[in-house]
Amino acid sequence: MERLENKIKNATSLEKLEEVRIEIFGKKGILAAEFAKLKTIPNEQKKDFAKQLNEKKAALTKLFEQKKKELEAKALQEQLKSEALDLSLFSYESKTGALHPITQTMNKIIDYFVALNFSIEEGPLVEDDFHNFEALNLPKNHPAREMQATFFFKDGNLLRTHTSPVQIRTMQKDSIPIRMIAPGAVFRRDFDLTHTPMFHQVEGLVVDKKGKVSFANLKFILTDFLRYMFGDVDVRFRPSFFPFTEPSAEVDISCIFCGGKGCRVCSHTGWLEVLGCGEVDPNVFEAVGYEDVSGYAFGLGVERFAMLLHQVPDLRNMFEGDIRLLEQFK
Ligand code: PHE
């Protein structure tokens, strides 16, 4: 009896106590073995033996429960100690981030065209001459190549100067009807208040059977899009030139700062130029082997949109990662 009591008393942890419990109280334990003896002892001794045994069991059970409580309390103390938090420790102020204004602007543009079922296409940033120039009706030595100050690699490849090569890649991989936009980074050797060597464009291209897509469609969709972006503005299409569109136009909105009266931002013209567009030049269709189709395309600079929407005067601010600028765009 004392031996069993000591077993319980000497248990140093809940795990050890559990082992002892099984040894003493378990189905094949010491007590069970004692009770089994009842079967074999003479009847007149049975009563006493059983009584003693039950008392023994009750005493051991009581001791066991006590010990268990004690060890549980001890385990809890240890846990509290090891998991304690020092609330006096210095902590850093946590700040929530925000999407960069260019990303926000890009997302807003993408939302418009996705709602109209345009697909989103991507192309490589390192392009070949064919996709960036040749197929876009910009043959070698064409003076219009100079319009886009290009970063060239030694092997003749280049950093794409616009997202227009994605027009070519999409026409090569898909067939009509095509209704796509291509958002992404582009690169030019330019650096001043309104130009950075890397910036972002969103290209648009719609192609369908000849006669199904017209300049009128282009005018409608871009006017609607610009009012979605800038609110209730006037929109005008000015004849222009791009090698890959014919006819081509540049699109202006009435100045969102002065309402068209003329101010510093619009150089006192009352108008802000926001994108380029036109009907796809037949030479472009020829380069990708398309026949009996018509289409329109447009391209816009995301940074310019973001600067206008958020009135950021110096584009370079957008790329400095200054938290004070970014905090204004939460
Ligand atoms: N790729 C032209 C640019 O970067 C923009 C453009 C795209 C113009 C599509 C017309 C049609 O300036």
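Residues numbered from 1 in each chain as written. Predicted model: local features only at pLDDT ≥ 70, side-chain atom pairs only at ≥ 80, totals over all residues. Heavy atoms only, no water.

Side note on the site of the ligand
(1) Moving on: Close to the ligand lie 15 residues; His162, Ser164, Arg188, Gln201 and Glu203 are nearest.
(2) Moving on: Between a nitrogen atom of the ligand and a side-chain N or O atom of His162, the distance comes to 3.0 Å.
(3) Moving on: Residue Ser164 places a side-chain N or O atom 2.9 Å away from a nitrogen atom belonging to the ligand.
(4) Moving on: Here the ligand loses 92% of its free accessible area of 320 Å² to cover by the protein chains.
(5) Moving on: Going through the elements one at a time, strand S5 (198-209), strand S8 (271-280) and strand S9 (293-301) are the ones with two or more residues in the shell around the ligand. (Near = heavy atom within 4 Å. Polar contact = N/O pair within 3.5 Å; in protein donor to acceptor, adjacent residues only side chain to side chain. Areas by Shrake-Rupley, 256 points an atom, 1.4 Å probe, with all protein chains shown as cover. Helix = DSSP H or I, 4+ residues; strand = E, 2+ residues; numbered from the N terminus.)

Here's the deal with the nonpolar core
(1) Moving on: Residues Phe225, Leu226, Leu275 and Phe305 are the most contacted members of the largest nonpolar core, which totals 46 residues.
(2) Moving on: Those elements that place two or more of their residues in this core are helix H5 (101-115), S5, helix H8 (215-230), strand S6 (235-242), strand S7 (245-254), S8, S9 and helix H10 (302-310).
(3) Moving on: Per-element accounting of this core gives the leading share, eight residues, to H8.
(4) Moving on: When near neighbours in sequence (up to four residues on either side) are disregarded, Phe225 contacts Ile109, Tyr112, Phe113, Leu275, Leu300 and Phe305. (Core = buried A, V, L, I, M, F, W, Y, C linked by side-chain atoms within 4.5 Å. Buried < 20%, exposed > 50% of the residue type's maximum accessible area, 1.4 Å probe, protein only. Contact = heavy atoms within 4.5 Å.)

A look at a nonpolar patch on the surface
(1) Moving on: Taken together, the side chains of Leu125, Val126 and Phe153 define a hydrophobic patch exposed on the protein surface, amounting to about 240 Å² of accessible area.
(2) Moving on: Within the secondary structure, Val126 is located in strand S2 (residues 126-127).
(3) Moving on: Residue Val126 is classed as partly exposed on the basis of its relative accessible area of 42%. (Patch = residues over 30% accessible without salt bridge, like charges linked within 9 Å, V, L, I, M, F, W, Y side chains within 5 Å. Salt bridge = Lys/Arg side-chain N within 4 Å of Asp/Glu carboxyl O.)

With respect to the sheet that holds S7
(1) Moving on: Strands sit in the order S1-S4-S5-S9-S8-S7-S6 across an open sheet of seven strands; the sheet is mixed. Only two strands of the sheet have a single neighbouring strand rather than two, namely strand S1 (119-120) and S6.
(2) Moving on: Alignment of S8 against S9, held across five bridges, turns out to be antiparallel. Opposite Gly278, over in S9, you have Ala297 as the bridge partner. (Pairing = 2+ DSSP bridges.)

Digging into the packing of helix H1 (residues 2-9) against helix H2 (residues 14-25)
(1) Moving on: For the pair H1 and H2, interaxial distance at closest approach is 9 Å and the crossing angle is 155 degrees. Judged by the inter-axis angle, H1 sits roughly antiparallel to H2. Mapping the contact onto sequence places Leu4, Lys7 and Ile8 in H1 and Leu17, Val20, Glu23 and Ile24 in H2.
(2) Moving on: Grouping the constituent residues of the contact of H1 with H2 by class yields five nonpolar, no polar and two charged. (Axes fitted to C-alpha atoms, helices over the stretch in contact; angles between N-to-C directions. Parallel < 35°, antiparallel > 145°, perpendicular 65-115°, else oblique. Nonpolar A, V, L, I, M, F, W, Y, C, P; charged D, E, K, R; others polar.)

Some points on the domain arrangement of the protein chain
(1) Moving on: Partitioning the protein chain into structural domains gives domain 1 (2-83) and domain 2 (101-329).
(2) Moving on: Once you take the C-alpha centre of each, domain 1 and domain 2 turn out to be 83 Å apart. (Domains from an automatic or database assignment.)

Overview of the pattern of salt bridges
(1) Moving on: Per the counting criterion, the structure on display carries 16 salt bridges.
(2) Moving on: For Lys173, the salt bridge goes to Glu121, with nearest N and O atoms at 3.0 Å. You can see Lys173 sitting in helix H7 (residues 165-173) and its partner Glu121 sitting in the loop between S1 and S2, a full 52 residues away along the chain.
(3) Moving on: Judged by its relative accessible area of 54%, Lys173 is exposed.
(4) Moving on: Given a relative accessible area of 9%, Glu121 falls into the buried group.
(5) Moving on: With a shortest N-O distance of 2.7 Å, Arg324 and Asp322 are connected by a salt bridge.
(6) Moving on: Look at Asp322 and you get partly exposed, because its relative accessible area is 25%.
(7) Moving on: Overlapping salt bridges, with partners in common, bring together Arg236, Arg238, Glu250, Asp252 and Glu273 in one network.

So, the pairing of S5
On a regular strand, one side chain projects to one face of the sheet and the next to the other, so that they alternate.
(1) Moving on: With ten of twelve residues buried, S5 lies mostly within the body of the structure.
(2) Moving on: In this sheet, S5 lies alongside strand S4 (residues 178-187) in antiparallel orientation, the contact comprising ten bridges. Bridging from a neighbouring strand, Met180 pairs with Leu205 of S5.
(3) Moving on: The pairing of S5 with S9 spans nine bridges and is classified as antiparallel. Bridging across to S9, Gly204 finds its partner in Phe298.

A short note on the packing of H5 against H8
(1) Moving on: Two numbers describe how H5 lies on H8: the axes approach to 11 Å, and their chain directions differ by 140 degrees. Looking at the two axes, H5 sits oblique to H8. H5 and H8 meet at a crossing whose hand is right-handed. For the pair formed by H5 and H8, the contact residues are Thr105, Lys108, Ile109, Asp111, Tyr112 and Phe113 on the first element and Ile221, Asp224, Phe225, Tyr228 and Met229 on the second.
(2) Moving on: Grouping the amino acids of the contact of H5 with H8 by side-chain chemistry returns seven nonpolar, one polar and three charged. (Left-handed = near helix turned anticlockwise from the far one by under 90°.)

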